[in-house]
Amino acid sequence: MELYLDTSDVAAVRRLAPIFPLAGVTTNPSIIANGKKPLQVVLPELQEALGGKGRLFAQVMAAEAGKMVEDAQKLRAIISDLVVKVPVTAQGLAAIKLLKAEGIPTLGTAVYGAAQGLLAALAGAEYIAPYVNRLDAQGGDGIQTVKELQQLLKLHAPGTKVLAASFKTPRQALDCLLTGCESITLPLDVAEQMITAPAVTAAVEKFEQDWLTAFGMPGL
């Protein structure tokens, strides 16, 4: 199982990398724009924050297949082993095939249906990113889509992994993992909710107080 953070916040990655078993960091154009740092700056900073380990993901901006390939080459000039995110449109599918021929790994993104994801896998994408919460928000079923996509990939494209994205709660992420999803990427707030809970804090404080009452000192 691979766990990624979906962010361009370098300080947060540096803080959480020692805590979480991170496989890397994913970004998208909106995340990069909100961070207000160009890719040429933020991608190396994210790589450094990960300690030089883990995979980075960044997305093409072009709409036409040939231009997408050019964008991918520019991204790989910044980070040589970066995984290129390509929206699964008609032109995106063509670009994924071209990039596969060049040996450039891709993630098919903006996936709202299992069949759409399967096509990206058959085109050569290494990862497929269904948008779980966005599907739910549109009246669909994000977790069911992940289940269907997992089954399709197992049957027809076993070399491709689901990298589920778009989560609003830890419960969504857990449900996704329970389907057998091999990779997820979490926004910072959801990731931090997984390791913070009032009940846990209260339990630790009670342990400390009981120890102090019995022994008169806070430590061992």
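Here's what I pulled together on the structure shown here. (Residues numbered from 1 in each chain as written. Predicted model: local features only at pLDDT ≥ 70, side-chain atom pairs only at ≥ 80, totals over all residues. Heavy atoms only, no water.)

**Digging into the overall build of the protein**
The criterion, for reference: Every helix listed is a DSSP run of H or I at least four residues long, and every strand listed is a run of E at least two residues long, numbered separately from the N terminus. Buried, partly exposed and exposed residues are distinguished by accessible area as a fraction of the type maximum, computed with a 1.4 Å probe on protein chains only: under 20%, between the cut-offs, and over 50%, respectively. Whether two residues touch is decided by their heavy atoms; if any such pair falls within 4.5 Å, the residues are in contact. The protein chains shown are the only cover counted for residues, whose accessible areas, like all others here, come from Shrake-Rupley with a 1.4 Å probe. When charges are counted, Lys and Arg are positive and Asp and Glu negative, with His and the chain ends excluded. In plain terms, the charge of a residue is placed at NZ if it is Lys, CZ if Arg, CG if Asp and CD if Glu.
What the protein contains, in helices and strands, is 11 helices and eight strands. Referenced to the eigenvectors of the C-alpha coordinate spread, the extents of the protein come out at roughly 70 × 40 × 30 Å. Per-residue burial for the protein yields a buried fraction of 46% across its 220 residues. Long-range pairs, those at least 24 residues apart, make up 56% of the contacts in the protein between residues at least 6 apart in sequence. For the protein, the exposed surface amounts to about 11000 Å²; the carbon and sulfur share of it is 58%. For the protein, the centre of its 19 positive side-chain charges and the centre of its 21 negative side-chain charges are spaced 4 Å apart.

**Overview of the packing of aromatic side chains**
Put simply, the rule reads: By convention, a stacked pair of Phe, Tyr or Trp rings (six-membered ring in the case of Trp) has centres within 6.5 Å and planes under 30 degrees apart, an edge-to-face pair has planes over 60 apart, and any other such pair is tilted.
In the structure shown here, the tally under the stated rule is four aromatic pairs. Ring centres of Y112 and Y131 lie 5.5 Å apart, and the angle between their planes is 80°; this geometry places the pair in the edge-to-face category. Note that Y112 is positioned in the loop between β5 (106–111) and α6 (114–123) and Y131 in the loop between β6 (127–130) and α7 (132–137), a separation of 19 residues in sequence. Look at Y112 and you get partly exposed, because its relative accessible area is 31%. For the pair W211 and F215, a centre-to-centre distance of 4.5 Å together with 50° between the ring planes defines the contact as tilted. Remark: F215 and W211 occur in helix α11 (residues 198–215); sequence separation between them is four residues, near one turn of the helix. Note on W211: relative accessible area 32%, which makes it partly exposed. Residue F215 is classed as exposed on the basis of its relative accessible area of 52%. Put simply, the rings of Y4, F57 and Y127 pair up and form one aromatic cluster.

**A look at the side chain of T26**
Selection criterion: Two N or O atoms count as a polar contact when they lie within 3.5 Å, although within protein this holds only if one can serve as hydrogen donor and the other as acceptor, and sequence-adjacent residues are included solely when both atoms are side-chain atoms.
With respect to the helices, strands and loops of the structure, T26 is situated in strand β2 (residues 22–26). On the basis of relative accessibility, which here comes to 2%, the residue T26 falls in the buried class. Among the polar contacts made by the side chain of T26, one reaches the side chain of T185 at a distance of 2.6 Å. In this view, T26 contacts Y4, L5, D6, T7, F57 and T185; residues no more than four positions away in its chain are not counted.

**Quick look at the environment of L98**
Residue position: L98 is located in helix α5 (residues 90–101). It is 25 Å that separates the C-alpha atoms of L98 and G54, two residues lying 44 residues apart in sequence. Leaving out residues up to four positions away in the same chain, L98 has contacts with A65 and V69.

**A closer look at the environment of M194**
Looking at the element boundaries, M194 is found in the loop between α10 (188–193) and α11. Looking at M194, the relative accessible area reads 39%, which means it is partly exposed. Sequence separation of M194 and H156 is 38 residues, and the distance between their C-alpha atoms is 34 Å. The residues touching M194, leaving out its near neighbours within four places in the chain, are P170, A173 and L186.

These figures capture arrangement, not role.
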